[in-house]
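# Structure assessment
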Amino acid sequence: MRKLLTAIVTVALLAMPAVADVIDQDQPSGPSYMAAFAQTDLAQSFQQTNDNCSGAGILLQAGAGTTDNVTIQLWDGLPNAGGTLMAEASAMGTAGEWVDVYWGYEPVTPGVTYYLVFTGNTTLGIAGDTENPYPNGHVFANPGYNPFTDYDYAFRTYYTSSVPTEAHSWSEVKSLFE
């Protein structure tokens, strides 16, 4: 009986949809050197399409630094304006390449403005675009999170495409066969 239950649970788990991080917001244009991490208070506002945000990424400026740690935080408002830190993660990033971080399923409200805050080694920088390619947000930079409404960092956000809706304990599963 125990082998049968184990086999049934194994099949049930294999039948569950895979959880995957998928790009939600994507502003890939990065022809300009937008900001150095030494400037501080670097952020990008955005509006998520899906009901969660599971990570984010930025394009690091080529030729600015080499490889070092980058931290991206998700906020529900700017830190200096009473915002609350919702999630954060760090990863090693290399100049001229995308650096992505993942923090897992974080509920958000679609269409509401959130903020990505970026910190890292002061030799690294962020690429972006001064032609306002992203209509649902903009850059903040320098002490006090000064807004630059026509500028956007090259950034992307992720969402978790599937979240298991049911969780059962072993005793619950076993009771189905008793």
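Each value, and the rule that gives it
Residues numbered from 1 in each chain as written. Predicted model: local features only at pLDDT ≥ 70, side-chain atom pairs only at ≥ 80, totals over all residues. Heavy atoms only, no water. Helix = DSSP H or I, 4+ residues; strand = E, 2+ residues; numbered from the N terminus. Buried < 20%, exposed > 50% of the residue type's maximum accessible area, 1.4 Å probe, protein only. Contact = heavy atoms within 4.5 Å. Areas by Shrake-Rupley, 256 points an atom, 1.4 Å probe, with all protein chains shown as cover. Pairing = 2+ DSSP bridges. Phe/Tyr/Trp six-rings, centres within 6.5 Å; stacked < 30°, edge-to-face > 60°. Lys NZ or Arg CZ within 6 Å of the ring centre and 35° of its normal. Polar contact = N/O pair within 3.5 Å; in protein donor to acceptor, adjacent residues only side chain to side chain. Salt bridge = Lys/Arg side-chain N within 4 Å of Asp/Glu carboxyl O. Axes fitted to C-alpha atoms, helices over the stretch in contact; angles between N-to-C directions.

The next thing to look at is the overall build of the chain. Summing up its helical and strand segments, the chain has 2 helices and 13 strands in all. Looking at the chain residue by residue over its 178 residues, the buried ones come to 42%. Within the chain, residue pairs in contact and separated by at least 24 positions form 78% of the contacts whose partners lie at least 6 positions apart. For the chain, the accessible surface area stands at approximately 9,000 Å², while carbon and sulfur atoms represent 54% of it.

This next bit is on the sheet that holds strand β9 (residues 125–129). Strand order in the open sheet made by the 3 strands is β2-β9-β12, with antiparallel pairing throughout. Each of the sheet's edge strands pairs with one partner strand only, and the pair in question is β2 (32–36) and β12 (152–153). In this structure, β2 lies alongside β9, joined through 4 bridges in antiparallel fashion. Along β9, the bridge assignment pairs alanine 35 with isoleucine 126.

Before going further, it helps to spend a moment on the packing of aromatic side chains. Overall, the coordinates contain 7 aromatic pairs when judged by the stated rule. Ring plane angle 90 degrees and centroid distance 5.6 Å describe the contact between phenylalanine 118 and tyrosine 153, whose orientation is recorded as edge-to-face. Of this pair, phenylalanine 118 sits in strand β8 (residues 113–120) while tyrosine 153 is found in strand β12, placing the two residues 35 residues apart along the sequence. Looking at tyrosine 153, the relative accessible area reads 0%, which means it is buried. Sitting over the face of the ring of tryptophan 98, arginine 156 holds its NZ or CZ atom 4.1 Å from the ring centroid.

Among the structural elements, tyrosine 151 can be located in the loop between β11 (146–148) and β12. Note: C-alpha distance between tyrosine 151 and phenylalanine 140 (11 residues apart in sequence) is 8.7 Å. The residues touching tyrosine 151, leaving out its near neighbours within four places in the chain, are Met34, Asp129, Thr130, His138 and Val139.

Moving on to the side chain of glutamine 44. Positionally, glutamine 44 belongs in strand β3 (residues 42–47). In this structure the side chain of glutamine 44 is engaged in a polar contact, spanning 2.9 Å, whose partner is the backbone nitrogen of tyrosine 153. Apart from the residues lying within four places of it in its own chain, the contact partners of glutamine 44 are Tyr114, Tyr115, Leu116, Phe118, Tyr134, Gly137, His138, Val139, Asp152, Tyr153 and Phe155.

Here the focus is the pattern of salt bridges. In the structure shown here, the tally under the stated rule is 1 salt bridge. The shortest N-O distance in the salt bridge between aspartate 100 and arginine 156 comes to 2.7 Å. Of the two residues, aspartate 100 is situated in strand β7 (residues 98–102) and arginine 156 in strand β13 (residues 155–160); the sequence distance between them amounts to 56 residues. For arginine 156, a relative accessible area of 15% translates into the label buried.

As summarised here, the arrangement of the 4 strands in space is β1-β13-β4-β7, forming an open sheet in which the pairing is antiparallel. Of all strands in the sheet, those bounded by a partner on one side alone are β1 (21–27) and β7. Put simply, the sheet's adjacent strands are angled 20 degrees from each other on average, direction ignored. One ladder, built from 5 bridges, connects strand β4 (residues 55–59) with β7; its direction is antiparallel. Opposite glycine 55, over in β7, you have tyrosine 102 as the bridge partner.

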